[in-house]
Amino acid sequence: MTGRGGFSSERVGALRAVCFDLDGTLFDHAGSARAGATGFLESLGLAASEPALNSWFAAEEEQFERWRSRRISFQEQRRERLRTVLPPLGYRPPADAVGLDSLFDSYLSSYRASWRAFPESLSLLQELRKRGYRLGLLTNGAEEQQLDKLAHTGLDGAFDAVCTSERIGFQKPDSRAFLTVAHELGVDASRCLFVGDNPAHDIVGARSAGMHGLLVNRYAEDAADIRTAVLACIMASGDAR
Ligand SMILES: [Mg+2]
């Protein structure tokens, strides 16, 4: 029997599930963050020029790293971003913590209002489901924010299992994170394809759990579209068995 795409259903029988990373894979994190920062700067009367946005993202990376290495608190890294980025742009931020936190909340509102999935994400999930694959999501993130992203972008009903590292207690690339999503899907890990944009977290991790791994770069100009890449991988794995 030949299915859509010209390959036989027997050959694709090897895989039973496709699991995805969220940020940078199905969810346009960079585009959302850029639109969010643009809206925030403009709400302060500042021009969201390329240098201004670059300085915002450089401060985000630098201060987030200081929080990760436990040098400052989570809230303080947010305040430091405002303190370092805004004065050179000509905006004096509040001096007190309460004022800074309230200003950062307005950035978060702008960021959230800008949340977007990549345009083809939902249709790909729907097509895979029609083809009979179980669908999983595995993301290193906070449960509340990641579920909120799924709801906001309309991807929330597309999965059979949604695993956030906060809920399951394991983070990618720990193989136990991948084994957990396979378990929740009721599928052996060896019959799952994992699709993600981070080589170390997504691909090394998935393979250490016995899954197939597909690395995607949604921002590369010459990147094959994700649908083509996923279907090619499904065909290749079918060929290998
Ligand atoms: Mg990612």
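Residues numbered from 1 in each chain as written. Predicted model: local features only at pLDDT ≥ 70, side-chain atom pairs only at ≥ 80, totals over all residues.

A.B. asks: Kindly report on the domain arrangement of the protein, identifying the contributing residues and their values.
C.D. replies: Here the domain parsing of the protein yields domain 1 (11-28 + 117-239) and domain 2 (31-113). With centres defined by C-alpha atoms, the gap from domain 1 to domain 2 works out at 30 Å. (Domains from an automatic or database assignment.)

A.B. asks: I'd like to hear about the sheet that holds strand β4 (residues 192-196), residue by residue, with values.
C.D. replies: Taken together, 5 strands build an open sheet; the order of strands is β3-β2-β1-β4-β5 and the sheet is parallel. Lying at the two open borders of the sheet, with one neighbouring strand each, are β3 (161-164) and β5 (212-215). When strand polarity is set aside, the average angle formed by the axes of neighbouring strands in this sheet is 20°. (Pairing = 2+ DSSP bridges. Helix = DSSP H or I, 4+ residues; strand = E, 2+ residues; numbered from the N terminus. Axes fitted to C-alpha atoms, helices over the stretch in contact; angles between N-to-C directions.)

A.B. asks: Go over the environment of L193 with me, naming the residues and quoting the values.
C.D. replies: Looking at the secondary structure, you find L193 in strand β4. For L193, a count of 23 C-beta atoms within 10 Å puts it in the buried group. Separated by 177 residues in sequence, L193 and R16 have C-alpha atoms that sit 8.3 Å apart. In this view, L193 contacts L15, V18, M211, H212, L214, C233, I234 and S237; residues no more than four positions away in its chain are not counted. (Buried ≥ 20, exposed ≤ 12 C-beta atoms within 10 Å, placed from the backbone. Contact = placed C-beta atoms within 7 Å.)

A.B. asks: Before we move on, can you summarise the pairing of strand β2 (residues 134-139) with the specific residues and values?
C.D. replies: Judged by how many residues are buried, β2 sits mostly within the fold: 5 of 6 residues are covered. Both strand β1 (residues 17-20) and β2 contribute to a ladder of 4 bridges, which runs parallel. Residue pairing across strands places V18 opposite L135, the latter belonging to β2. Both β2 and β3 contribute to a ladder of 4 bridges, which runs parallel. Across the sheet, the residue bridging to L137 is V162, located in β3.

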